[in-house]
Amino acid sequence: MKKELRVDPTNNDIIIFARERASRPLDNVKKNMPMDEDDIIKEYEENCPFCRGNEHQTDDSTEEMFIDGKWVAKAIKNKYPIVDMNSDEVFGVHEVIIESYRHNANFFNMSEEEFKTMFKLYVSRYKYLMNQKGIEYVNLFKNFLRKSGASLMHPHSQITALSIIPTEIHKELLIAHDYYGWENTNLYEDIIKEEKEYKKRLVYSGTRFIAIIPSASKNPSEVRIIFNKGVKFEDLDSLDIDELSYAFKGIFANYKKMFGIMPFNIWVHSHPNGIETKEYFNLHIHIFPRKFNYGGFELSTGMYVSSYPPEDIAKQMRIEEE
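Residues numbered from 1 in each chain as written. Predicted model: local features only at pLDDT ≥ 70, side-chain atom pairs only at ≥ 80, totals over all residues. Heavy atoms only, no water.

Attention shifts here to the environment of Lys 120. Note on placement: Lys 120 falls in helix H1 (residues 112–130). On the basis of relative accessibility, which here comes to 45%, the residue Lys 120 falls in the partly exposed class. Sequence-wise, Lys 120 and Ile 241 are 121 residues apart; in three dimensions their C-alpha atoms are separated by 7.2 Å. Sequence-distant contacts of Lys 120, defined by excluding residues within four places in its chain, comprise Met 65 and Ile 241. (Helix = DSSP H or I, 4+ residues; strand = E, 2+ residues; numbered from the N terminus. Buried < 20%, exposed > 50% of the residue type's maximum accessible area, 1.4 Å probe, protein only. Contact = heavy atoms within 4.5 Å.)

What follows is the structure in structure tokens.
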């Protein structure tokens, strides 16, 4: 079967499509099974520092979201920060965002209202940290389950305000800036237009953003959310949050049908401080299931192998527009 080479236009990742590898034989060993909802059944866990009622186990909160006089989501200082304000070389702030008071909450069982509360807190903390002196970039990310790097099961994400712009953001900005110079158009707007016309890789097409299975990704089941031109994460409004919450609810419902409750990572790539990038760079979110591992070929070459056409994944992941 003929091999196909594709390049992710946003970061220049090289993907080799080798579809026949999906049917290669594997040793008959016990595979890691997806997590079952019954694995975490308690709404409250007395030994969990993030559960409501255990506030004495964590540092003071930096912001809280309340319903009926009780907090339902909150941000706290990270006890083990990647960065702090005590260094001259790289400094910043590291917080944990507790996405729900429920110990047994996760993206596969949260309601739209819970997602809305979570996103409101995300945006509020993002905006606050972007306004701190010396901060060049704010990085928002989530790990779910041990295989993705999570240390605690209670639903949470992390946000770091950094005095530097990370390498991956630099790379995406340079690629988008060069494309803008060559084509006199926005790379992400062209991707949005192409995907809406092609339709077969669309997971969701809304008024504020699209969600797609990228034509080329190091992860064949990645969902990438691309916002319209000019939208910044810190400026997301209630309509943006409503649409995001609807899309996330549908995306994770479909992931669950395909894979069960499995590990994943999420990260937000938004605009840095200090430079004007809205004309050529669009806010986007990566949702990255940890269903596929990298081997020696990927690690030794920096190229990635995919056996699954994005159109096939998108067909199973597609959700209805509101």
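Continuing now.
With respect to topology, 10 strands assemble into an open sheet ordered S3-S4-S5-S7-S6-S11-S12-S10-S9-S8, the strand pairing being antiparallel. At either margin of the open sheet sits one strand with a lone partner, and together these are strand S3 (61–67) and strand S8 (202–205). Geometrically, the sheet is characterised by an average inter-axis angle of 15° between neighbouring strands, direction not taken into account. With five bridges joining them, strand S6 (residues 137–144) and strand S7 (residues 156–162) adopt antiparallel strand pairing. Looking across to S7, one finds that Leu 140 is bridged to Ile 159. Contacting S8, strand S9 (209–212), strand S10 (223–227), strand S11 (264–269) and strand S12 (284–289), helix H4 (residues 238–259) crosses the sheet at an angle of about 15° to S12. (Pairing = 2+ DSSP bridges. Axes fitted to C-alpha atoms, helices over the stretch in contact; angles between N-to-C directions.)

If you check helix H3 (residues 187–198), its first and last C-alpha atoms are 16 Å apart, about what 12 residues at 1.5 Å a residue would give, namely 16 Å. Within H3 the residues assigned to the buried category are Leu 187, Tyr 188, Ile 191, Ile 192 and Glu 195. Angular distribution of buried residues about the axis of H3 spans 140°; they occupy a single face of the element. When the buried face of H3 is taken as reference, the exposed residues oriented beyond 90 degrees from it are Lys 193 and Glu 197. Along its buried surface, H3 packs onto helix H2 (167–183), S8, S9, S10 and S12. The N-cap residue of H3 is Asn 186: its side-chain oxygen and the backbone nitrogen of Tyr 188 are 2.7 Å apart. Of the residues one or two after H3, Lys 199 is the one with positive phi, at around 75°. (Expected span 1.5 Å × (residues − 1). Arc of directions from axis to C-beta. Polar contact = N/O pair within 3.5 Å; in protein donor to acceptor, adjacent residues only side chain to side chain.)

Applying the stated criterion across every chain, the model contains 18 salt bridges. Put simply, Lys 142 and Glu 99 hold a salt bridge, and the shortest N to O gap is 2.8 Å. With Lys 142 in strand S6 and Glu 99 in the loop between strand S5 (92–98) and H1, this residue pair connects regions lying 43 residues apart in the sequence. For Lys 142, a relative accessible area of 5% translates into the label buried. (Salt bridge = Lys/Arg side-chain N within 4 Å of Asp/Glu carboxyl O.)

Applying the stated rule across the entire model yields 22 aromatic pairs. Here a set of aromatic residues connected by ring pairs shows up, and it is made of Phe 107, Phe 108, Phe 115, Phe 119, Tyr 122, Phe 144, Phe 248, Phe 252, Tyr 255, Phe 259 and Phe 264. Positioned above the aromatic ring of Tyr 101, the side-chain terminus of Arg 52 is 3.9 Å from the ring centre. Note that Lys 74 overlies the ring of Trp 71, its terminal NZ or CZ placed 4.6 Å from the centroid. (Phe/Tyr/Trp six-rings, centres within 6.5 Å; stacked < 30°, edge-to-face > 60°. Lys NZ or Arg CZ within 6 Å of the ring centre and 35° of its normal.)

Residues of helix H6 (residues 310–317) that are buried include every one of Pro 310, Glu 311, Ile 313, Ala 314 and Met 317, and no others. Taken end-on, H6 shows its buried residues confined to a sector of 160°, consistent with a single buried face. If you follow the buried residues of H6, they end up packed against strand S1 (4–7), strand S2 (14–17), H3, S8, S10 and H4.

The strand order across the open sheet formed by three strands is S1-S2-S13, and the pairing between neighbours is mixed. Every interior strand has two partners, whereas the edge strands, S1 and strand S13 (303–306), have only one. Pairwise comparison of adjacent strand axes, ignoring direction, gives a mean angle of 30° for this sheet. With four bridges connecting them, S2 and S13 associate as parallel partners. Residue pairing for S13: Ile 16 is matched across the bridge by Val 305.

Consecutive residues of a regular strand have side chains that alternate between opposite faces of the sheet. Strand direction decides the pairing type here: S3 and strand S4 (residues 70–77), joined by six bridges, are antiparallel. Pairing of Glu 64 across the sheet is with Lys 74, part of S4.

Let's shift gears to the pairing of S11. For S11, the buried fraction is high: five of the six residues fall into the buried class. As judged from the four bridges shared by S6 and S11, these two strands associate in the antiparallel manner. When the bridges of S11 are listed, Phe 141 appears paired with Trp 267. Across six bridges, S11 lies against S12 in antiparallel orientation. In the sheet register, Phe 264 faces S12, and the bridge partner there is Pro 289.

We now examine the packing of H2 against H3. Their axes nearest at 8 Å, the elements H2 and H3 cross at an angle of 80°. Of the possible angle classes, the one that applies to H2 and H3 is roughly perpendicular. In contact with Glu 172, Ile 175, Ala 176 and Tyr 179 of H2, H3 contributes Leu 187, Tyr 188 and Asp 190. Among the residues making up the contact of H2 with H3, the classes are represented as five nonpolar, no polar and two charged. (Parallel < 35°, antiparallel > 145°, perpendicular 65-115°, else oblique. Nonpolar A, V, L, I, M, F, W, Y, C, P; charged D, E, K, R; others polar.)

Shape descriptors only; they carry no functional weight alone.
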